[in-house]
Amino acid sequence: MIINKYKMRKDVRNYNLSGMGCSAGLISIDLAKDLLQTHRSKYCLVFSFENITENWYKGQMRPMLMSNCLFRMGAAAILLTNKRELYPRAKYTLQTTVRVHHGADDTAYQAIYQMEDGDGKKGVRISRDLVRAVGDVLKSNVTILAPQILPYREHAKFLIDLLLRKISSSYRAKVPRYMPCFRDHIQHFCIHAGGRAIIDGLEQNLKLTPEDVLPSRATLYRYGNTSSSSIWYELNYIEQKGTVKAGDKVWQIAFGSGLKCNSAVWRALKTLRSTYPAPTGLVCEG
């Protein structure tokens, strides 16, 4: 549809990642990264959107009715390139991406699941185990991501904690597991606006402040869960507040059915000034 609308060239390569859930946006970024590392001096357009028509539920089962209240339509477009001459015009450079999938675990697999009810009406069931499953897949993702973005002193603290836990039972019983403070090294967070419980859980587990998760809460409040495009709504919120400075790092975290957790870390190449009035209507309490 996009190729036809804008009459793109015949040598354009098109990849359709539909059905990949709410984390499809970062899956697309990971694919774009691989393509741009292989092909020199190219553009890559990522178009991320949510279409709720396919999974709109018309039955009476409460776990399946929840998705009707939560999900909304939304879309975002992201242009990436590896052309050196365009470096001065770029907003960000991609530092790393991490993808984790827990589909082999039945609890994670069924946490968000498309199914039919007793009357044969199709919809998406959201399980009560979702928050716990998200916590598990997030832990796996952070375990891979942390060494790539944290300084060596944080690596040393983690290793010391790990060794002490292996050799001392009293240490394990008295001291909580060491969790790095990501706020000291990441300035902005775009947490997938999958629901209030998801945002609350990540705020607690990652030791974030109410201000850190405000972009996610504001996006959920204004637009609902726009699936894979929500993290781009959040990044736009941060930019419009005028808080992105050159050198700042942005961590995008997205979750999708499966259960998947995908991360992308960007570094701002310039200080971004707001072109519109800062968003209002939602305050940070804390």
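This text gives an overview of the structure that appears in the document. (Residues numbered from 1 in each chain as written. Predicted model: local features only at pLDDT ≥ 70, side-chain atom pairs only at ≥ 80, totals over all residues. Heavy atoms only, no water.)

Within the open sheet, the four strands sit side by side as β3-β8-β7-β6. Their pairing is mixed. Strand pairing shows two members of the sheet lacking a second neighbour, β3 (92-101) and β6 (188-191), which therefore form its edges. With direction set aside, neighbouring strand axes in the sheet form an average angle of 15 degrees. Looking at chain direction, strand β7 (residues 249-256) and strand β8 (residues 260-268) are connected through eight bridges and run antiparallel. Bridge assignment links Lys 249 to a residue of β8, and that residue is Arg 267. Contacting β3, β7 and β8, helix α2 (residues 24-38) crosses the sheet at an angle of about 115 degrees to β3. (Pairing = 2+ DSSP bridges. Helix = DSSP H or I, 4+ residues; strand = E, 2+ residues; numbered from the N terminus. Axes fitted to C-alpha atoms, helices over the stretch in contact; angles between N-to-C directions. Contact = heavy atoms within 4.5 Å.)

Turning next to the pattern of salt bridges. What the rule picks out here adds up to 11 salt bridges. Across the pair Lys 91 and Glu 239 runs a salt bridge, and its minimum N-O distance is 3.1 Å. In this pair, Lys 91 sits in the loop between β2 (74-81) and β3 while Glu 239 sits in helix α10 (residues 230-240), placing the two residues 148 residues apart along the sequence. Classification of Glu 239 as buried rests on a relative accessible area of 10%. Here Arg 165 and Asp 161 are joined by a salt bridge, their closest N and O atoms 3.1 Å apart. Placement of the pair is Arg 165 and Asp 161 together in helix α6 (residues 152-167), with a separation of four residues, close to one helical turn. Among the residues examined, Arg 165 registers a relative accessible area of 9% and is labelled buried. Exposure remark for Asp 161: the relative accessible area of 5% places this residue in the buried category. One network of salt bridges, in which partners are shared, links Arg 196, Asp 200, Glu 203 and Arg 217. (Salt bridge = Lys/Arg side-chain N within 4 Å of Asp/Glu carboxyl O. Buried < 20%, exposed > 50% of the residue type's maximum accessible area, 1.4 Å probe, protein only.)

Now for the nonpolar core. Looking at soluble globular proteins, one finds that nonpolar side chains tend to be buried together. Judged by nonpolar contacts, the single largest core of 37 residues is most densely connected at Phe 182, Leu 202, Leu 206, Trp 251, Ile 253 and Phe 255. The set of elements that each furnish at least two residues to this core consists of β3, α5 (130-149), β6, α8 (196-205), β7 and β8. Dropping the residues within four chain positions of it, Trp 251 is found in contact with Val 142, Leu 145, Phe 182, Ile 186, His 188, Phe 189, Cys 190, Leu 206, Ser 263, Ala 264 and Val 265. In terms of nonpolar packing, the next biggest core, distinct from the first, is built from 22 residues, Leu 26, Leu 36, Tyr 92 and Ile 231 among them. (Core = buried A, V, L, I, M, F, W, Y, C linked by side-chain atoms within 4.5 Å.)

Secondary-structure assignment places Ser 227 in the loop between α9 (214-223) and α10. Residue class for Ser 227 comes out buried when judged on its relative accessible area of 4%. Along the chain, Ser 227 and Arg 72 lie 155 residues apart, while their C-alpha atoms are 7.8 Å from each other. Once residues lying within four places of it in the same chain are set aside, the contact partners of Ser 227 are Gly 21, Cys 22, Glu 50 and His 192.

This paragraph deals with the state of the cysteines. Enumeration according to the criterion identifies zero disulfides in this entry. Of all cysteine sulfurs in the structure, the one in Cys 190 sits closest to Cys 44, which takes part in no disulfide; the separation is 20 Å. Residue Cys 44 is classed as buried on the basis of its relative accessible area of 15%. Of all cysteine sulfurs, the one in Cys 22 lies closest to Cys 261, which takes part in no disulfide; the gap is 12 Å. On the basis of relative accessibility, which here comes to 0%, the residue Cys 261 falls in the buried class. (Disulfide = S-S within 2.5 Å.)

This part covers unusual backbone geometry. The amide bond that connects Gly 258 to the next residue, Leu 259, takes the cis arrangement and shows omega of 10 degrees. Within the secondary structure, Leu 259 is located in the loop between β7 and β8. One non-glycine residue, Ser 41, adopts positive backbone phi at about 50 degrees. Structurally, the position occupied by Ser 41 is in the loop between α2 and β1 (43-50). Look at Ser 41 and you get partly exposed, because its relative accessible area is 41%. Unlike most non-glycine residues, Lys 207 shows phi in positive territory, near 60 degrees. Secondary-structure assignment places Lys 207 in the loop between α8 and α9. Classification of Lys 207 as partly exposed rests on a relative accessible area of 44%.

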